[in-house]
Amino acid sequence: MSIRHGLLALLSKGPRYGYQLRVEFEASTGATWPLNIGQVYTTLSRMERDGLVAPGGEDEQGRALYTITEAGRREVERWFGTPVAPADRPRDELAIKLAMAVAAGDVDVRAVIHAQRTATMRSLQELTRAKRAATDGVAERLVLDSMIFKAEAEQRWLDHCEAVLKEKH
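Residues numbered from 1 in each chain as written. Predicted model: local features only at pLDDT ≥ 70, side-chain atom pairs only at ≥ 80, totals over all residues. Heavy atoms only, no water.

Peer 1: Kindly report on the overall build of the protein, identifying the contributing residues and their values.
Peer 2: Looking only at helices and strands, one finds 7 helices and 3 strands in the protein. Whereas a compact globule of 169 residues would reach a radius of gyration of roughly 15 Å, the protein reaches 21 Å, over 25% beyond that. In terms of overall dimensions, the protein has a C-alpha envelope of 70 × 35 × 25 Å along the principal axes. Each of the 169 residues in the protein was classed as buried or not, and the buried ones make up 31%. For the protein, contacts bridging at least 24 residues in sequence account for 52% of all contacts bridging at least 6. (Helix = DSSP H or I, 4+ residues; strand = E, 2+ residues; numbered from the N terminus. Rg over C-alpha atoms; globule rule 2.2 N^0.38 Å. Buried < 20%, exposed > 50% of the residue type's maximum accessible area, 1.4 Å probe, protein only. Contact = heavy atoms within 4.5 Å.)

So this is what it looks like as structure tokens:
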């Protein structure tokens, strides 16, 4: 997901000012994707240039509001309607790291797996605590659930890697 699409999705609910977009973006992603305010305003500026958002006046405190344009609505609808392809996701650093450890030959691959398993378990515990403490609603819960499921899958994959190594030795 790009920041651009996330901001467009939030603007589809109505006019927003920059800081408000930042807070809602972080809340919607379970605070797993922190934004700095400069990213928000740079993205808004580019989207205005591209005709996806327009200035929407000011709120009662004088903060500049942005509104989504028809082109912006079409873009966010296109984005929601397009599945995320595996090629759109970043490469899997862990799979590459383990493959390189095996290929190097002189690396204790089991130690690499153990270190990763420990880190993943710690992350899983932190995510579970965050889920219990979550108060921002369904959007935050869905993001945290996704991260928990990925961490659980990583643990299973590490078990599989260990089993494959045992077969080979």
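Peer 1: How would you sum up the pattern of salt bridges? Please name residues and give values.
Peer 2: Counted according to the given criterion, the structure contains 12 salt bridges. We note a salt bridge from Arg78 to Glu75, for which the minimum N-O separation is 2.7 Å. Taken as a pair, Arg78 and Glu75 lie in helix H4 (residues 70-81) at a separation of 3 residues, close to a single helical turn. Looking at Glu75, the relative accessible area reads 15%, which means it is buried. Note that Asp159 is salt-bridged to Arg117, the shortest N-O span being 2.7 Å. Pair noted here: Asp159 is in helix H7 (residues 138-168) and Arg117 is in helix H6 (residues 109-133), with a separation of 42 residues, a long-range link. (Salt bridge = Lys/Arg side-chain N within 4 Å of Asp/Glu carboxyl O.)

Peer 1: Let's hear about the sheet that holds strand S1 (residues 16-17): which residues, and what values?
Peer 2: With antiparallel pairing, 3 strands are arranged side by side in an open sheet as S1-S3-S2. With one partner strand each, in any of the chains shown, S1 and strand S2 (53-58) form the two edges of the open sheet. The pairing of S2 with strand S3 (residues 64-68) spans 4 bridges and is antiparallel. Bridging across to S3, Pro55 finds its partner in Tyr66. Helix H3 (residues 37-49) contacts S2 and S3 of the sheet and is inclined by roughly 115° relative to S2. (Pairing = 2+ DSSP bridges. Axes fitted to C-alpha atoms, helices over the stretch in contact; angles between N-to-C directions.)

Peer 1: Which residues make up the packing of aromatic side chains, and what are the values?
Peer 2: Throughout the structure, instances matching the rule amount to 1 aromatic pair. For the ring pair Trp79 and Phe80, a centre distance of 4.8 Å and an interplane angle of 40° mean the geometry is tilted. Taking the relative accessible area as the measure of exposure, Trp79 reaches 21% and is therefore partly exposed. (Phe/Tyr/Trp six-rings, centres within 6.5 Å; stacked < 30°, edge-to-face > 60°.)

Peer 1: Can you break down the environment of Phe80 residue by residue, with the values?
Peer 2: The residue Phe80 is located in helix H4 in this model. As for Phe80 and His5, which are separated by 75 residues in sequence, their C-alpha atoms are 9.0 Å apart.

Peer 1: Quick one: what's the story with the side chain of Asp59, residue by residue and with numbers?
Peer 2: Examined against the element boundaries, Asp59 turns out to sit in the loop between S2 and S3. With relative accessibility at 14%, the residue Asp59 sits in the buried group. Polar side-chain contacts of Asp59 include one of 2.7 Å to the side chain of Arg63. With residues up to four places along the chain from it excluded, the contact list for Asp59 reads Tyr17 and Leu65. (Polar contact = N/O pair within 3.5 Å; in protein donor to acceptor, adjacent residues only side chain to side chain.)

Peer 1: Any details on a nonpolar patch on the surface? Residues and values, ideally.
Peer 2: Side chains of Tyr19, Val23, Ile37 and Tyr41 sit close together on the surface and give an oily, nonpolar patch of about 350 Å² of accessible area. Residue assignment for the nonpolar patch shows that the elements contributing at least two residues are helix H2 (18-28) and H3. Here Val23 is to be found in helix H2. On the basis of relative accessibility, which here comes to 39%, the residue Val23 falls in the partly exposed class. (Patch = residues over 30% accessible without salt bridge, like charges linked within 9 Å, V, L, I, M, F, W, Y side chains within 5 Å. Areas by Shrake-Rupley, 256 points an atom, 1.4 Å probe, with all protein chains shown as cover.)

Read these as layout, nothing more, since geometry by itself doesn't imply function.
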